Amino acid sequence: MAEILGLGITHYPPLCLPDAQMSGILRWTLDDPAIPPEEKDPRAWSEAMRAEWSDDFGTRAARLHREALVAGLDHVRSRLDEFKPDVVIIWGDDQYENFHEDVIPPFAICAYDDVEVRPWAHASAASAMKGRDNVWNEEASFGYRLRGRPDVARQLVASLIESEFDVAYAYKPLHHASVAHSFMNSILYLDYHRRGYEHPTICFPLNCYGRRVVSCRGFMTRMNRQVDFDPPSPSPKRFMDLGAATARALRDSPFRVALLASSSWSHAFLVDSTWRLRPDTERDRSLYAAMIDADYGHWRSTSLKEVEDAGQQEVLNWWTLLGAMEALGAKLEWSQFVETHIFNSNKVFAIFESR
């Protein structure tokens, strides 16, 4: 019988940036002419938001935000190393990076051999890091040899298909030189202190952006831009079903498996109700409370429209994790909610007890 550990982290791209640049998404949004001036005036913001923004455009707050995120990542990394997995499977979104107009699979398993990952040479426009300085002062030549487990990936694909959950799979990248930033940043952040990352890893990209994946290149647009939306992503319930099917497929394997969901939560640049200036913290808190209470029914009954209205598209990675944890009867061992008003998204970290 397998032993399975559940983990949740963020792959928030601005964590790669120096503190003075971390509020860049909000600064870009404040230049949107479609947003009323009175909404962009800090005097209309909450006291907490003004405190973060301060007189330095969030630079001091960025240091504190970074410390909280790195502490959460370190806690997850410590638990991962202690677990000693045979393989780490990461659920992350593809933001028009590996998958373009020629194919947008709802779910895909990258059954890659070892891959040379060079984050700064391979950075795509969607990661907001192409050609920019990074907090580690690393050159374009810096990289990792990301170890794969194509044998486990093929077995997982076969098991899912045999259980009537059809998934796409690939043996090599399509439009990206290595792996999309949700996976690349996960590795960078789990190794924030650059001690190395040796765990064999399988990337399991999910179509979280749905209507916005091609039409918006999986990223930001101005509020008044007319968008010819794409077809939707699968429903939150379907993502939970995928997680459950994955857990059942792995449960009878001989492997020690870490299942990891990588995303921030509500993204401000997707939340029209806040004029895209701040995340939907109220709905993030409600979802987080349901996770703490193991209220899987709350997660399962959430509609795709509710997800999209709250800017929680990327949290569909977590819907998949929660589906797996429900199927396994896993218990939440530890979690942390990191709230922010100016750094685009709230972040959540979690560790679910392995069985």
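Refer to the structure printed above.
Residues numbered from 1 in each chain as written. Predicted model: local features only at pLDDT ≥ 70, side-chain atom pairs only at ≥ 80, totals over all residues. Heavy atoms only, no water.

1. Observations concerning the overall build of the protein chain
Thinking step 1. Across its full length, the protein chain holds 12 helices and 10 strands.
Thinking step 2. A compact globule built from 355 residues would reach a C-alpha radius of gyration of about 20 Å, and the protein chain, at 19 Å, matches this within 12%.
Thinking step 3. Judged by the C-alpha coordinates and their principal axes, the protein chain covers about 60 × 45 × 40 Å.
Thinking step 4. Within the protein chain, counting contacts between residues at least 6 apart in sequence, those at least 24 apart form 81% of the total. (Helix = DSSP H or I, 4+ residues; strand = E, 2+ residues; numbered from the N terminus. Rg over C-alpha atoms; globule rule 2.2 N^0.38 Å. Contact = heavy atoms within 4.5 Å.)

2. Considering the packing of aromatic side chains
Thinking step 1. The full count for this structure, using the stated rule, is 15 aromatic pairs.
Thinking step 2. Geometrically, the ring pair formed by W45 and W53 is edge-to-face, given 5.8 Å between the ring centres and 70° between the ring planes. Residues W45 and W53 agree in their burial class; the two are buried.
Thinking step 3. Ring geometry for W53 against F57: centres 5.4 Å apart, planes inclined by 75°, an arrangement best described as edge-to-face.
Thinking step 4. The rings of W265, Y288, W299, W318, W319 and F337 are connected pair by pair, giving a single aromatic cluster.
Thinking step 5. Geometry around F165 places R238 over its ring, the cationic atom sitting 3.9 Å from the centre.
Thinking step 6. Geometry around Y12 places K347 over its ring, the cationic atom sitting 3.5 Å from the centre. (Phe/Tyr/Trp six-rings, centres within 6.5 Å; stacked < 30°, edge-to-face > 60°. Buried < 20%, exposed > 50% of the residue type's maximum accessible area, 1.4 Å probe, protein only. Lys NZ or Arg CZ within 6 Å of the ring centre and 35° of its normal.)

3. Observations regarding helix α9 (residues 281-292)
Along an α-helix, residues three or four apart share an orientation, since each turn contains 3.6 residues.
Thinking step 1. Taking 1.5 Å of rise per residue, 12 residues should cover 16 Å, and α9 covers 16 Å from first to last C-alpha, within 8% of that figure.
Thinking step 2. Looking at the buried residues of α9, the elements they touch are α10 (296-301), α12 (316-328), β9 (332-338) and β10 (347-352).
Thinking step 3. After α9 finishes, the residue A294 shows a positive phi value of roughly 55°. (Expected span 1.5 Å × (residues − 1).)

4. With respect to helix α6 (residues 150-162)
Thinking step 1. The end-to-end C-alpha separation of α6 is 18 Å, in line with the 18 Å expected for 13 residues at 1.5 Å each.
Thinking step 2. Taken together, the buried positions of α6 are P150, V152, A153, L156, V157 and L160. Along the axis of α6, the buried positions cluster into a sector of 160°, meaning they face one direction only.
Thinking step 3. The inward-facing, buried residues of α6 contact β2 (87-93), β3 (108-110), β6 (168-170), β7 (201-206) and α8 (236-251).
Thinking step 4. In the stretch just after α6, E164 is the one whose phi turns positive, near 65°. (Arc of directions from axis to C-beta.)

5. Looking at the pairing of strand β1 (residues 3-9)
The two faces of a sheet get side chains in turn, since along a regular strand they alternate between them.
Thinking step 1. Summarising burial for β1: six of the seven residues are buried, a large majority.
Thinking step 2. By the bridge criterion, seven bridges tie β1 to strand β8 (residues 256-262) in an arrangement that is parallel. The residue bridging G8 from the neighbouring strand is A261, located in β8.
Thinking step 3. Judged from the three bridges that link them, β1 and β10 form a sheet pairing that is antiparallel. In the sheet register, L7 faces β10, and the bridge partner there is I351. (Pairing = 2+ DSSP bridges.)

6. Some points on the pairing of β2
Thinking step 1. For β2, the tally of buried residues reaches seven of seven residues, placing the bulk of the element in the interior.
Thinking step 2. Residues of β2 alternate between two faces, with V87, I89, W91 and D93 on one and V88, I90 and G92 on the opposite face, all of them buried.
Thinking step 3. In this structure, β2 lies alongside β8, joined through five bridges in parallel fashion. Paired with V87 across the bridge in β8 is V257.
Thinking step 4. Judged from the six bridges that link them, β2 and β7 form a sheet pairing that is parallel. In the sheet register, I89 faces β7, and the bridge partner there is I202.

7. Considering the side chain of S266
Thinking step 1. Relative to the helices and strands, S266 is located in the loop between β8 and α9.
Thinking step 2. Of the polar contacts made by the side chain of S266, one reaches the backbone nitrogen of D280; its length is 2.8 Å.
Thinking step 3. Filtering out sequence-adjacent residues up to four positions away, S266 remains in contact with V271, P279, D280, D284, A310, G311, Q312, V315, N344, S345 and N346. (Polar contact = N/O pair within 3.5 Å; in protein donor to acceptor, adjacent residues only side chain to side chain.)

In short, the description is geometric, and any link to function would need to be established separately.
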